[in-house]
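Report on the structure
This is what each chain is made of:
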Amino acid sequence: MAVSDHVDLGGFIEGVRRRNPGQPEFAQAVQEVAEDIFDFIQDKEQYHRYQILRRIAEPDRVISFRVCWEDDKGNIRVQRGWRVQNNNSIGPYKGGIRFHPSVTESVLKFLAFEQTFKNALTGLPMGGGKGGANFNPKGKSDNEVMRFCQSFMNELYRYIGADIDVPAGDIGVGGREIGYMFGQYKRLTNEFTGVLTGKGLEYGGSLIRTEATGYGAVYFLRNMLATQKNSIEGKTVVISGSGNVATHAAEKINQLGGKVLTLSDSEGFIHDPAGIDQEKVNWIKDLKNKRRGRISEYAKEFKGSEFVAGKTPWGVVCDLALPCATQNELTGDDARTLVKNGCIAVSEGANMPTTLEGVHVFKDAQILFAPGKAANAGGVSVSGLEMSQNSARISWKEEELQRLLEDIMAGIHASCVEYGGRAGSKVTDYVRGANIAGFKKVADAMLAFGVV
Ligand code: NDP
């Protein structure tokens, strides 16, 4: 087939939308990648002939199942669970589990698709997957969460395994939930194996896994700034979210001399002009993990701060921004506001937090912009290291893991720089760099396997 006979970008996206009706998040994620890949593969006949992009954008399988559980009042509740196994060309499927009422097949397909490129970027042998349920852990008792996790695993255990598919945490799934799911897996299979990551340290977890995503996103930001002989020290930083990724990003920003002005949750954001220092971050961790409270409580605890209900923090003037809550939380208008206010760099701790329009605003303004698939890969990287430790039945020391995490983030940054050059632009296009570097690795493995 001549290159000119190939379907164009618009036709390709149209086909993705037609084949996946009612799945806007998935189509958005595919479009963001395809915009760069079409250009890259234009003169590379093999990728066209073997329909590589079309095949990566069709998950290997989507498993959907019923999850029944009993609440504390004796009511029988029914939820839907999924595991999307997108691509295992370079290693076992790997990706988190999300418990949130907004979870749909579309959201999990977008996350599994993104994960495929992210995992390739880490340089570790991991394919891409994602799972979850439309279960809301908020306001549930420990026993209710335990019963839900056990019921979820009663079905999921058939499809996962240390060499098949290794889930981890994500929104709504932290150490507590991983513990309940691992316990149930072990009970069902009578096997102690590294089938989940993010485990407790007592039973095979890796040091710094909890910190890795937030820390990694800040390391990536530091690496981007270094290309312009700049640093985090003395900069003001706006962060969204107040969960695992956001609190650890805030912690690392403090360690590197930046000043964190905001954090948020789904009800609004807190603004603390004095800075959210380490003591305050510890208070938030306790609030979220132990007391399961809301971020609005911060404003009552710390004088001089305010809680802004129902809003995101992007209007607060800052040098640097880290969206660390959820997908599509930073719109085109938000991006324009950040640029107008003098923001010089954005590092995505969350997955696809910036809308396509927002991404284009950042690219056009030529500010430093790191997409989640590169910037938040620190978490899955340490998960990959947890898999290695579990297989070898060893555990590495913290300093060793810190060094590996920094090295991996530096390697991802270098890959983005290698493929992210753009004629006429003075800054690296990190979106393009991440898309092409991730795609190339998976695509070349797929070519080696033939048509499967
Ligand atoms: P957590 O559940 O620990 O925290 C999520 C945070 O985001 C909470 O503050 C939550 O507020 C907020 N949030 C969730 N949904 C919404 C929404 N619809 N609107 C506004 N705020 C919302 O999750 P994580 O910190 O683990 O994950 C955050 C992001 O990072 C996700 O995009 C996730 O996919 C991504 N990520 C996480 C990794 C990890 O290692 N944990 C690895 C790589 C990426 P509330 O409590 O009100 O819901």
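Look up a bit, the structure's there.
Read on for an overview of the structure.

Rules used throughout
- Residues numbered from 1 in each chain as written.
- Predicted model: local features only at pLDDT ≥ 70, side-chain atom pairs only at ≥ 80, totals over all residues.
- Heavy atoms only, no water.
- Helix = DSSP H or I, 4+ residues; strand = E, 2+ residues; numbered from the N terminus.
- Rg over C-alpha atoms; globule rule 2.2 N^0.38 Å.
- Buried < 20%, exposed > 50% of the residue type's maximum accessible area, 1.4 Å probe, protein only.
- Contact = heavy atoms within 4.5 Å.
- Areas by Shrake-Rupley, 256 points an atom, 1.4 Å probe, with all protein chains shown as cover.
- Lys, Arg positive; Asp, Glu negative; His and termini not counted.
- Charge placed at Lys NZ, Arg CZ, Asp CG, Glu CD.
- Near = heavy atom within 4 Å.
- Polar contact = N/O pair within 3.5 Å; in protein donor to acceptor, adjacent residues only side chain to side chain.
- Nonpolar A, V, L, I, M, F, W, Y, C, P; charged D, E, K, R; others polar.
- Domains from an automatic or database assignment.
- Pairing = 2+ DSSP bridges.
- Axes fitted to C-alpha atoms, helices over the stretch in contact; angles between N-to-C directions.
- Salt bridge = Lys/Arg side-chain N within 4 Å of Asp/Glu carboxyl O.

Observations regarding the overall build of the protein
Counting secondary structure elements, the protein contains 17 helices and 12 strands. Relative to the 2.2 N^0.38 estimate, which gives 22 Å for 452 residues, the radius of gyration of the protein is 21 Å and therefore close to what a compact globule would have. With respect to the three principal axes, the spread of C-alpha positions in the protein is 65 × 55 × 45 Å. Each of the 452 residues in the protein was classed as buried or not, and the buried ones make up 57%. Within the protein, residue pairs in contact and separated by at least 24 positions form 71% of the contacts whose partners lie at least 6 positions apart. Of the roughly 18200 Å² of accessible surface on the protein, a fraction of 49% belongs to carbon and sulfur atoms. Both charge centroids of the protein, one from 54 positive and one from 54 negative side chains, sit 2 Å from each other.

Re the site of the ligand
Taken together, 26 residues surround the ligand, and among them Asp 170, Thr 213, Ser 266, Arg 294 and Asn 351 come closest. For the ligand, an oxygen atom lies 2.9 Å from a polar atom in the backbone of Val 245. Between the ligand and the protein, one listed contact pairs an oxygen atom with a side-chain N or O atom of Ser 266 at 2.4 Å. Where the shell around the ligand is concerned, the elements lending two or more residues are helix 8 (209-226), helix 9 (244-255) and strand 7 (259-265). Of the residues in the shell around the ligand, the class split is five nonpolar, 13 polar and eight charged. Shared between two domains, the shell around the ligand takes at least three residues from each, and those domains are domain 2 (61-192) and domain 3 (210-377 + 424-431).

Here's the deal with the environment of Ser 89
Looking at the secondary structure, you find Ser 89 in the loop between strand 2 (76-87) and strand 3 (93-99). On the basis of relative accessibility, which here comes to 15%, the residue Ser 89 falls in the buried class. Separated by 33 residues in the primary sequence, Ser 89 and Ile 56 place their C-alpha atoms 9.8 Å from one another. Among the polar contacts made by the side chain of Ser 89, one reaches the side chain of Asn 87 at a distance of 2.8 Å.

Concerning the sheet that holds strand 4 (residues 127-133)
The sheet built from five strands is open, its strands ordered 1-2-4-3-5 with mixed pairing. Taken across any chain shown, the strands that pair with only one partner, and hence form the sheet edges, are strand 1 (61-70) and strand 5 (165-168). Between one strand axis and the next, the sheet turns by 20° as a mean value, whatever way the strands run. Bridge analysis of strand 3 against strand 4 gives five bridges, and the strand direction is parallel. Following the sheet pairing, Tyr 93 is matched in strand 4 by Gly 127. Relative to the sheet, helix 5 (residues 105-122) contacts strand 1, strand 2, strand 3 and strand 4, its axis offset from that of strand 4 by approximately 155°.

So, unusual backbone geometry
One non-glycine residue, Gln 51, adopts positive backbone phi at about 50°. On the secondary structure map, Gln 51 appears in the loop between helix 3 (45-49) and helix 4 (52-56). Relative accessible area serves as the criterion here: at 40%, Gln 51 is assigned to the partly exposed category. The backbone of Met 352 sits at a positive phi, close to 50°, despite the residue not being glycine. Here Met 352 is to be found in the loop between strand 11 (345-347) and helix 13 (356-365). Judged by its relative accessible area of 3%, Met 352 is buried.

A short note on the environment of Gly 95
Structurally, Gly 95 can be placed in strand 3. Using a relative accessible area of 2% as the deciding quantity, one classes Gly 95 as buried. For the pair formed by Gly 95 and Gly 200, sequence separation is 105 residues and the distance between their alpha carbons is 18 Å. Those residues in contact with Gly 95, other than ones at most four positions away along the chain, are Arg 83, Gln 115, Gly 129, Lys 130, Val 166, Pro 167 and Ala 168.

Digging into the pattern of salt bridges
Enumeration over the complete set of coordinates arrives at 30 salt bridges. For Lys 373, the salt bridge is made with Glu 32, and the minimal N-O distance between the two is 2.9 Å. With Lys 373 in helix 14 (residues 372-375) and Glu 32 in helix 2 (residues 24-41), this residue pair connects regions lying 341 residues apart in the sequence. Judged by relative accessible area, Glu 32 falls into the buried class, the value being 8%. Notably, a salt bridge pairs Lys 373 with Glu 114, separated by 3.4 Å at the nearest N-O pair.

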